[in-house]
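These are the residues of each chain, in order.
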Amino acid sequence: MMVVSPRARGSVAERRAGSCCSCSGSHWSPQRAANRLAVEVSRRMRSRRSTGEDFSSCHVLKGHGRSRTACFAAESGMTTSSSAMTTEAGGRAKGRVVDIDTIPLPLTASEQVSQTERSLQSLESSGKRLAVVEWLLPVNQRKADFLAVDPTLTEPASTFEEFRVASTLASVLLEGPEEREVTSSRLDDGLDSEPVGLLRSDDNRYIAVVFPTADVVDDIRELAETNRDSTILLVNPQWTMQGNIISDFGFGERRRRAEAFLGQFQSIYSLAERRIGNNIGPNFVNGVRGVVRLLKTPKVDWQIHIMSNNIGLLRQPAVIRKAY
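Conventions adopted
Sequence order as written defines residue numbering, which begins from 1 separately in each chain. Local features in this predicted model are restricted to residues whose pLDDT is 70 or higher, and side-chain atom pairs enter the listing and the counts only when it is 80 or higher, whereas totals over whole chains, interfaces and linings include all residues. The side-chain numbers reported here are obtained from all heavy atoms of the structure, hydrogens and water having been left aside. Relative accessibility under 20% of the residue-type maximum defines a buried residue, over 50% an exposed one, and the middle range a partly exposed one, all with a 1.4 Å probe and only protein chains included. Note on conventions: DSSP H or I runs of at least 4 residues are helices, E runs of at least 2 residues are strands, and numbering of each starts at the N terminus. Strands pair, by our definition, only if DSSP identifies at least two bridges between them. By convention, orient the strands away from the viewer: a clockwise path from the first strand over the helix to the second makes the crossover right-handed. By convention a nonpolar core is built from buried Ala, Val, Leu, Ile, Met, Phe, Trp, Tyr and Cys residues, the set being connected through side-chain atoms within 4.5 Å. Pairs of residues are marked as contacts when any of their non-hydrogen atoms sit within 4.5 Å.

Caption draft 1: Inspection of the pairing of strand E9 (residues 206-210) at higher detail. Most of E9 is tucked away, with five of its five residues classed as buried. Of the two faces of E9, the one carrying Tyr206, Ala208 and Val210 and the one carrying Ile207 and Val209 are both buried. Where strand E8 (residues 197-201) meets E9, four bridges bridge the pair, whose relative direction is antiparallel. Bridged to leucine 199 within E9 is alanine 208. Here E9 pairs with strand E10 (residues 231-235) via five bridges, running parallel. Among the inter-strand pairings, valine 210 is bridged to a residue of E10, identified as valine 235. At this point the chain moves from E9, through helix H5 (residues 217-226), to the parallel E10, and the crossover so formed is right-handed.

Caption draft 2: Representation of the nonpolar core. If you look at the biggest cluster of nonpolar residues, it comprises 38 residues, and the most contacted ones within it are Trp135, Val210, Leu233 and Ile268. Looking at this core, the elements with two or more residues in it are helix H3 (109-125), strand E6 (130-134), helix H4 (159-175), E9, E10, strand E11 (266-276) and strand E12 (290-297). Looking at this core, the element that brings in the most residues is H4, giving seven residues. The contact partners of tryptophan 135, leaving out residues within four places of it in the chain, are Gln112, Val113, Thr116, Ala166, Leu169, Ala170, Leu173, Val235, Asn236, Tyr269 and Leu271. Core analysis: the second largest hydrophobic core is formed by 18 residues, Val217, Ile232, Leu234 and Phe261 among them.

Caption draft 3: Layout of unusual backbone geometry. One non-glycine residue with positive phi stands out, namely asparagine 140, at about 55°. Its place among the elements puts asparagine 140 in the loop between E6 and H4. Taking relative accessible area as the criterion, asparagine 140 reaches 22% and is therefore assigned partly exposed. Residue glutamate 179 is not a glycine yet carries a positive backbone phi of 55°. Structurally, the position occupied by glutamate 179 is in the loop between H4 and strand E7 (182-186). Under the relative-accessibility criterion, glutamate 179 is labelled exposed at 52%.

Here is the structure:
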């Protein structure tokens, strides 16, 4: 078992996490929904280009029996706005302007962790203690610049390198402003299995399982049963909850039991990146190719951010949707 002191680990966190830029009530997986969002953005960009419409400022959002037009001040240069203005049409809400809460797209991995910490505090204030975090890791092209989207800039990171970076970010989260001491160990067998990390704060308030796999679900269940006063975080799970014909959790009763248990964990933060078409640049080309990042927390709807050199545009979502 390795003990990471606050001072020593903090400096490591700055080098690893900070250097990246200078660095519904059940378990939620963004993969399928993110792909659908990316396809829809591409479709809307093509439509708006063909009509000459400014796609960076207004977007019609349809769903749930009504349409909404979300408008953003793309040229204002704003980088810290926490809400967007939306005009609702239909029924008594026709013509009414309301606020929609948004979260600025994080510009560094450190900011990503800070946003996660706020979501974690909200979870605890509601009396819950089981959470899932899915981070966009500062590896590959994002190691030197968290906003970089060109995958040809560097060699792909190994699974162990990704695991190491995720563990560092999780240690930063667990330490918190109180500078708790964090201990680190492994849940996997350390031989030929995928790496799975176990982090604990010195006061046992927080336990994080980093890169959990289907093989350690029983271990996670035991942790939850024997640490009922601890908040348990699953950081970047390696299983897939949807879409597989053959489940990562096997068949029959074993699968049902695993999925029922993991369904108790609430997704509190997810940041994902999706590519549209064969694109290696930051901007959309004729609305057909490009890169988007998708941000979701329990308090905000799906946010789609178009990767752009315009920081004011980048920080604000281009499209907001309630669900997919």
